[in-house]
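Examination of the molecular architecture
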Amino acid sequence: MSHDDSMEKIREEKEKWEEKTLKPALQRFKLKESPTRFYSPLDTGGDFDFLEKVGFPGQYPFTAGTFPTFPYRTGERGSGSIAQAPGLARAGRYSGYGSAEDTRDYYLHMKKLGQKAGPNIAFDLPTQIGYDSDHPLAVGEVGKVGVAVDTLRDMEIIFEAFSGETDIDRTASNFTINAPANIIMAMYLALADKRGISWDKLRATPQNEILKEYIARGTYIFPPRQAMRMFRDSLVFFVKHVPNVNITSMGGFHIREAGATREQDLAYSMAIGAAYLQEGVNAGLDVDDFAPRFSFNAFGGSMEFFKEIAFHRAARRMWAKVVKEKFGAKNERSMLLRMASTAHCGRVNCSVQRPLNNLTRSVVGGIAAALSGGPPNCNPPFDEPLGLGWSLEAIQLSEDAARILQNEARLTEVMDPLAGSYYVESLTDRIESAAWAEFDKIQSMGGVVKAIENGYLQREVARSAYERQKRLEEGQDLIIGVNCYTGESELDVQTTRLVAHPYDPERRENAEKVQIERLKEVKRSRDSRKVADLLKKLRDEAGREEVNLFPTLIECVKAYATLQEMCDVLREVFGEYQPAAL
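Attention here is on the structure that accompanies the text. (Residues numbered from 1 in each chain as written. Predicted model: local features only at pLDDT ≥ 70, side-chain atom pairs only at ≥ 80, totals over all residues. Heavy atoms only, no water.)

**A word on the overall build of the protein chain**
Selection criterion: Segments assigned H or I by DSSP are reported as helices when at least four residues long, segments assigned E as strands when at least two residues long, and all are numbered from the N terminus. The quantity called the radius of gyration is restricted to C-alpha atoms. Its globule counterpart is 2.2 Å times the number of residues to the power 0.38. Per-residue accessibility, obtained with a 1.4 Å probe over protein chains only, is compared with the maximum for each type, and a residue is labelled buried under 20%, exposed over 50%, and partly exposed between these values. What makes two residues a contact is simply this: any of their non-hydrogen atoms within 4.5 Å. Residue-level accessible areas treat just the shown protein chains as cover; the underlying method is Shrake-Rupley with a 1.4 Å probe. Neither His nor the chain ends contribute to the count of charged residues, in which Lys and Arg are positive and Asp and Glu negative. Where a charge lies is defined by one atom per residue type: Lys uses NZ, Arg uses CZ, Asp uses CG and Glu uses CD.
The secondary structure content of the protein chain amounts to 21 helices and six strands. Relative to a compact globule of 582 residues, whose C-alpha radius of gyration would be 25 Å, the protein chain shows 25 Å and is just as compact. Projecting the C-alpha coordinates of the protein chain onto the three principal axes gives extents of approximately 90 × 60 × 50 Å. Among the 582 residues that make up the protein chain, the fraction classed as buried is 55%. Summarising the internal contacts of the protein chain: among those between residues at least 6 apart in sequence, 77% fall at separations of at least 24. Here the protein chain has roughly 25,200 Å² of accessible surface; of this, 50% comes from carbon and sulfur atoms. Where the 75 positive side-chain charges of the protein chain centre and where its 83 negative ones centre are 1 Å apart.

**Details of the packing of aromatic side chains**
Stated formally: Any Phe, Tyr or Trp ring, taking Trp's six-membered ring, that has another such ring centre within 6.5 Å forms a pair; planes under 30 degrees apart are called stacked, those over 60 apart edge-to-face, and the others tilted.
Tallied over the full model, the rule gives 28 aromatic pairs. Seen from their ring centres, F159 and Y188 are 6.3 Å apart, and the 45° between their planes marks the pair as tilted. Highlighted residues: F159 in the loop between α5 (152-158) and β3 (172-176) and Y188 in helix α6 (residues 181-194), separated in sequence by 29 residues. Accessibility classification places F159 together with Y188 in one group, the buried group. Through a chain of ring-to-ring contacts, the aromatic side chains of Y97, Y106, Y107, F159, F162, F175, Y188 and Y503 assemble into a single cluster.

**Description of the side chain of E279**
Applied cut-off: By definition, a salt bridge exists where a carboxyl oxygen of Asp or Glu is found within 4 Å of a side-chain nitrogen of Lys or Arg.
Checked against the element boundaries, E279 lands in helix α10 (residues 262-282). Despite being buried, E279 has no salt bridge partner; R232 is the closest side chain of opposite charge, sitting 5.6 Å away. Residues in contact with E279, not counting those within four places in the same chain, are M228, F231 and R232.

**Some details on empty space enclosed by the protein**
Selection criterion: Cavities and pockets are found on a 1 Å grid laid over the protein atoms alone: a cavity is a set of points where a 1.4 Å probe fits but cannot escape, a pocket is an open set with protein on both sides within 12 Å along at least five of seven lines, and a lining residue has an atom within 4 Å of such a point. Grid points are joined across faces, edges and corners, and a volume is the space filled by probe spheres set on the points. Throughout this entry, Asp, Glu, Lys and Arg are counted as charged residues, while Ala, Val, Leu, Ile, Met, Phe, Trp, Tyr, Cys and Pro are counted as nonpolar. The remaining residues, Gly among them, count as polar.
For the coordinates displayed, the defined rule picks out three cavities of 30 Å³ or more. Reported here for the largest cavity is a volume of approximately 90 Å³. Every residue along the wall of the largest cavity is listed here: N178, A179, A181, N182, N208, I210, I221, F222, A227, M230 and F231. Contributions of two or more residues to the lining of the largest cavity are made by α6 and α8 (224-241). With three residues, α8 is the single largest residue contributor to the lining of the largest cavity. Taken together, the residues of the lining of the largest cavity sort by class into eight nonpolar, three polar and no charged.

**Some words on the pairing of strand β4 (residues 203-206)**
Quick note on the threshold: At least two DSSP bridges between two strands are needed for those strands to be called paired. Here is how to tell: hold the view so the strands point away, follow the path from the first strand over the helix to the second, and if it runs clockwise the crossover is right-handed.
As defined by bridge partners, β3 adjoins β4 across four bridges and the pair is classed as parallel. Bridged to S173 within β4 is A204. With α6 bridging β3 and the parallel β4, this β-α-β connection has right-handed handedness.

**Observations regarding helix α3 (residues 100-112)**
As a reminder, the rule being used: Expected span, for any helix, means 1.5 Å times one less than how many residues it has.
Counted at 1.5 Å a residue, the expected span for α3 with its 13 residues is 18 Å, and the 19 Å between its end C-alpha atoms agrees. Among the structural elements, β1 (91-95), β2 (118-122), α5, α14 (392-408) and α18 (505-525) are those in contact with the buried residues of α3. Directly beyond the C-terminal end of α3, a positive phi value near 115° is found at G114.

**Quick notes on the layout of surface pockets**
The computed volume of the second largest pocket comes to approximately 840 Å³. What lines the second largest pocket is a set of 25 residues, among which S302, E304, N349, R468 and D477 lie closest to the centre. Taken together, the elements giving at least two residues each to the lining of the second largest pocket come down to α9 (253-257), α10, α13 (357-371) and α17 (456-473). Among the elements that line the lining of the second largest pocket, the one with the most residues is α17, at five residues. Among the residues making up the lining of the second largest pocket, the classes are represented as seven nonpolar, eight polar and 10 charged.

**Here's the deal with the nonpolar core**
What counts here: Each nonpolar core is a collection of buried residues, namely Ala, Val, Leu, Ile, Met, Phe, Trp, Tyr and Cys, held together in the definition by side-chain atoms within 4.5 Å.
One finds F159, F175, L211, L277, F294, W319 and V448 to be the most contacted residues of the largest nonpolar core, which totals 128 residues. Broken down by element, the residue count for this core peaks at 11 residues, all from α6. Ignoring sequence-local partners within four residues, the contact set of W319 consists of M250, M270, G273, A274, L277, F294, F296, S334, M335, L336 and L337. With six residues, the next largest nonpolar core counts A343, L371, L418 and V424 among its residues.

**As for the packing of α10 against helix α15 (residues 422-444)**
Short version of the rule: Every angle, taken between N-to-C directions, lies between 0 and 180 degrees, and every axis is a line fitted to C-alpha atoms, over only the stretch in contact when it is a helix. The cut-offs work like this: below 35 degrees is roughly parallel, past 145 is roughly antiparallel, 65 to 115 is roughly perpendicular, and the gaps in between are oblique. A clockwise turn of the near helix away from the far one marks a right-handed crossing, whereas an anticlockwise turn of less than a right angle marks a left-handed crossing.
At a closest axis distance of 8 Å, the pairing of α10 and α15 adopts a crossing angle of 50°. In terms of axis orientation, α10 runs oblique to α15. When you trace α10 past α15, the crossing you get is right-handed. Contacts from R262, E263, L266, A267, Y268, M270, A271 and A274 of α10 reach α15 at I431, A434, A435, E438, F439, I442 and Q443.

**Quick word on the environment of M318**
Residue placement: M318 occurs in helix α12 (residues 305-326). For the pair M318 and L266, spaced 52 residues apart in sequence, the C-alpha to C-alpha distance is 8.8 Å. The residues contacting M318, other than those within four sequence positions of it, are L266, M270, E432, A435, W436 and F439.

**Focus on unusual backbone geometry**
Along the chain, Y60 connects to P61 via a cis peptide bond; the corresponding omega equals 10°. Examined against the element boundaries, P61 turns out to sit in the loop between α2 (50-53) and β1. With an omega of 5°, the peptide bond running from N379 to P380 counts as cis. Mapped onto the elements of the fold, P380 is located in the loop between α13 and α14. Phi is positive for D416, which is not a glycine, with a value near 45°.

Scope: geometric values only; no functional claims are made or implied.
Structure (structure tokens):
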């Protein structure tokens, strides 16, 4: 039987099934339409090409997996969503609070509990938007959602927790920072110099992903085009001087958390990535010289199990096509979508109500992660929505859940186990197709920067967020314990807190005072004339588009210029971003 005849036979049999088998069942249950679907070869177009659509793990188009095998250990103490593996130096769980001393002592405590991974630093809001701890806008925010970093002295204190076998040339460091990313990385490089460590031995990843800030998070400083100049500076400088440091860590996690759909998440992430690639090309670099050092932080997540698995398969394939077909990459390593984690339940889906249900949600996400080509991370810990940082009890349950999925359920023994599934392959194609349509629309506007400047991306995310909230309020989308199953007979199960929270609330409250006192001392003891001269140099160079500011930023931080002093100079030259009216 020919292929066409076979497909026609399936089509005929489907029609018979719908009439003779499905229809009576719907009548019996008084249903107008079936709540479930069945997929067949008809849904994959009838001519599914394995090598074109899937291929083998670690080979183009990378649908089946970024790498050919899975060497990672999931659930290692303190690793968070970053699975560890022999021979790799990787950072650990996203963390940081209070003053520099508070975060240093947190890391020392976690090391006593068995953490071996490097720091993955969260910064407070003043730091994220370029203000020192003594600025009026920083009042009440110092050290609250992360650690406060005003000068190189703060970085020196934080990294006192990492020396000897865990010195910065032996472990990896992650920095979740965007608008002032170049300044924070200048501090990191200055720290290496002070320790006598060669830059080529450093392994680090700054998030350095400013474009999503305009679309979702809002911790921007400068207008998009000037911010992209800063990105260009870091890209070029890292390629020339810091060979083992990633340039950026992208992904639409925050965009989806802000309300974007799954398809928007993918399209916007790819458009942002394309904009960053273009910066490197515009700077005269070959794409294969820098694309391998683009990494991805995370995409958004949801409880829609199969759709999230298909999403990640589509994302790997789409990124490979962007880099190969649109930028002409020849090295397959340039085409890898390198991401520490894959599918997850989505933080936005965790509930304050009956919070232990979040453990179930994270386990569902962990299973989806394993089936989508990643480690079975069960994140976030169940108390994610209850406050900043996680209790050690919640972390223990999260790490144990991941260990169970890997070591007892053995979910990581097979790569891409759903490859060839009519349903999953159909979903993968549909998600990718929808993302390409939106990607092309953004490109037709002149690219993602233009789509930010005209407010298109912000409006689309706001519209999707409104539609999602409306579905929740109307009961079309269900969250257990939030908008359904909320009767008086339902129990709110709690856990017993046996150990102190690793983030000391008293120290966090005192962080502002500690930081301001240290900031005063740093300013008293530094060479103020040298700082003034260097800030003038920075101002002059910022006015010249062709100048890379990184060397001067390193000079500034070594002289203990403050984060805000440097940002204020750049504000004077670049201006500040004013959001478009939606």
